[in-house]
Amino acid sequence: MTDITHRLAEVQARIEAAARRAGREVGEIELVAVSKLVPAEQMRMVYDAGLRHFGENRAQELRDKHPLLPQDCRWHFIGGLQVNKIKYLVGRAALIHSVDSPAQLKEIERLAARREVKADILVQVNLAGERQKGGLPPGAVADLIRSARDCPHIRVCGLMTLPPRVPCPEQSRPLFSALRELMDELRHSMPIDERTDLRLLSMGMSGDFEVAIEEGAHIVRVGSAIFGQG
Ligand SMILES: *Cc1c(COP(=O)(O)O)cnc(C)c1O
């Protein structure tokens, strides 16, 4: 076993333990290996160990690595979303986690229509009100989801959040539960159908994925705990 596959196995065991503690099925939690700045050969080790979901935070990096790994990989875009770079993502990314503006929706819809694909997205929510970070304040999320209903090639699959770095994972817990509660509220206040399929919570990283799972995460985005500090 390499260091990477060893760490991957450890992360997977911790995910299973957290799911068990929370009384959840481990099958409802997807591990996305965040591979930003990680060379394709190292991603291949994780692929060979059975993982298929990779997360990138730069659109060109996702575009460039996409052909270097087998076709059954599922690519997640988790970074700040510039409208002029969306062209690298539509048709390549299985899920775009970081949508937070009508201009992004418009460009995703335009490209998805032209390329004849459906684009699955999450809306990023900025729960701590951090200025330097992306994401909408919770009160603005419903309006963006309503605008997405006008985009026939877009499916809103859920919500994502990226909490402030904190020394203790327990400090993230209130934000994770707030994201879950926000999705519950939205599910009650708008029609749930093929286009607005609010089902997935993307939350939790290397430092706090267990707490996120306990609070209901469906997707955890784990980089350094698998690939090392880089
Ligand atoms: C880098 C990154 C991660 C993974 O962070 P680690 O602490 O290395 O696990 C998760 N989500 C986003 C949005 C990131 O940019």
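Shown above is the structure to which this text applies.
**Here we look at the site of the ligand**
As a matter of local geometry, the ligand sits amid Val34, Lys36, Ile78, Leu162, Arg165, Met205, Ser206, Arg221, Val222, Gly223 and Ser224. A distance of 2.8 Å separates an oxygen atom of the ligand from a polar side-chain atom of Lys36. In this structure, an oxygen atom belonging to the ligand sits 2.5 Å away from a side-chain N or O atom of Ser206. When the free accessible area of the ligand is taken as 390 Å², the share hidden by the protein chains comes to 90%. Split into classes, the residues belonging to the shell around the ligand amount to 5 nonpolar, 3 polar and 3 charged.

**Things to note about the nonpolar core**
Ranked by size, the top nonpolar core spans 67 residues in total, and within it Ile108, Leu159 and Ile226 carry the most contacts. In terms of residue count, the dominant contributor to this core is helix α1 (residues 3-21) (6 residues). Every residue in contact with Ile108, bar those within four places of it in the chain, is listed here: Leu81, Ile86, Val90, Ile96, Val99, Ala119, Ile121 and Ile154. Core analysis: the next-biggest nonpolar cluster, separate from the first, contains 7 residues, Val32, Leu95, Cys157 and Ile219 among them.

**Quick word on helix α6 (residues 173-189)**
Between its first and last C-alpha atoms α6 spans 24 Å; for 17 residues at 1.5 Å apiece the expected length is 24 Å, and the two agree. Among the residues of α6, Leu175, Phe176, Ser177, Leu179, Leu182, Met183 and Leu186 are the ones counted as buried. Packed against the buried residues of α6 are β5 (119-125), α5 (141-148), β6 (154-161), β7 (196-202) and α7 (209-214).

**Section: the packing of aromatic side chains**
One pass over the full model with this rule turns up 1 aromatic pair. Geometry around Tyr47 places Arg52 over its ring, the cationic atom sitting 3.6 Å from the centre. Lys87 extends its terminal NZ or CZ atom over the ring of Tyr88, reaching a point 5.1 Å from the ring centre.

**Remarks on the side chain of Ser202**
For Ser202, the position within the fold is in strand β7. At 2.9 Å, the side chain of Ser202 and the side chain of Arg221 are in polar contact. Contacts of Ser202, omitting those with residues within four sequence positions, involve His97, Leu122, Leu159, Met160, Thr161, Leu179, Ile219 and Arg221.

**Remarks on the pattern of salt bridges**
Within the structure shown, the criterion is met by 19 salt bridges. Notably, a salt bridge pairs Glu214 with Arg21, separated by 2.9 Å at the nearest N-O pair. Note that Glu214 is positioned in helix α7 and Arg21 in helix α1, a separation of 193 residues in sequence. For Arg21, a relative accessible area of 53% gives the class exposed. Sharing partners across several salt bridges, the network here consists of Arg21, Glu170, Arg173, Arg180, Glu214 and Glu215.

**Regarding the environment of Asp208**
Relative to the assigned elements, Asp208 resides in the loop between β7 and α7. In this structure Asp208 comes out as buried when scored by relative accessible area, which is 10%. C-alpha separation for the pair Asp208 and Leu31, spaced 177 residues apart in sequence, amounts to 13 Å. Separated by 2.7 Å, the side chain of Asp208 and the backbone nitrogen of Met205 make a polar contact.

**Points about the pairing of strand β4 (residues 93-99)**
For β4, the tally of buried residues reaches 7 of 7 residues, placing the bulk of the element in the interior. Pairing analysis gives 3 bridges linking strand β3 (residues 74-77) to β4, with the strands arranged parallel. Counted as the bridge partner of Trp75 is Ala93 from β4. Relative to β5, β4 runs parallel, the two sharing 2 bridges. Considered in β5, the bridge of Ile96 is made with Ile121.

What counts, and where the lines are drawn
Residues numbered from 1 in each chain as written. Predicted model: local features only at pLDDT ≥ 70, side-chain atom pairs only at ≥ 80, totals over all residues. Heavy atoms only, no water. Near = heavy atom within 4 Å. Polar contact = N/O pair within 3.5 Å; in protein donor to acceptor, adjacent residues only side chain to side chain. Areas by Shrake-Rupley, 256 points an atom, 1.4 Å probe, with all protein chains shown as cover. Nonpolar A, V, L, I, M, F, W, Y, C, P; charged D, E, K, R; others polar. Core = buried A, V, L, I, M, F, W, Y, C linked by side-chain atoms within 4.5 Å. Buried < 20%, exposed > 50% of the residue type's maximum accessible area, 1.4 Å probe, protein only. Helix = DSSP H or I, 4+ residues; strand = E, 2+ residues; numbered from the N terminus. Contact = heavy atoms within 4.5 Å. Expected span 1.5 Å × (residues − 1). Phe/Tyr/Trp six-rings, centres within 6.5 Å; stacked < 30°, edge-to-face > 60°. Lys NZ or Arg CZ within 6 Å of the ring centre and 35° of its normal. Salt bridge = Lys/Arg side-chain N within 4 Å of Asp/Glu carboxyl O. Pairing = 2+ DSSP bridges.

Structural measurements only, silent on function.
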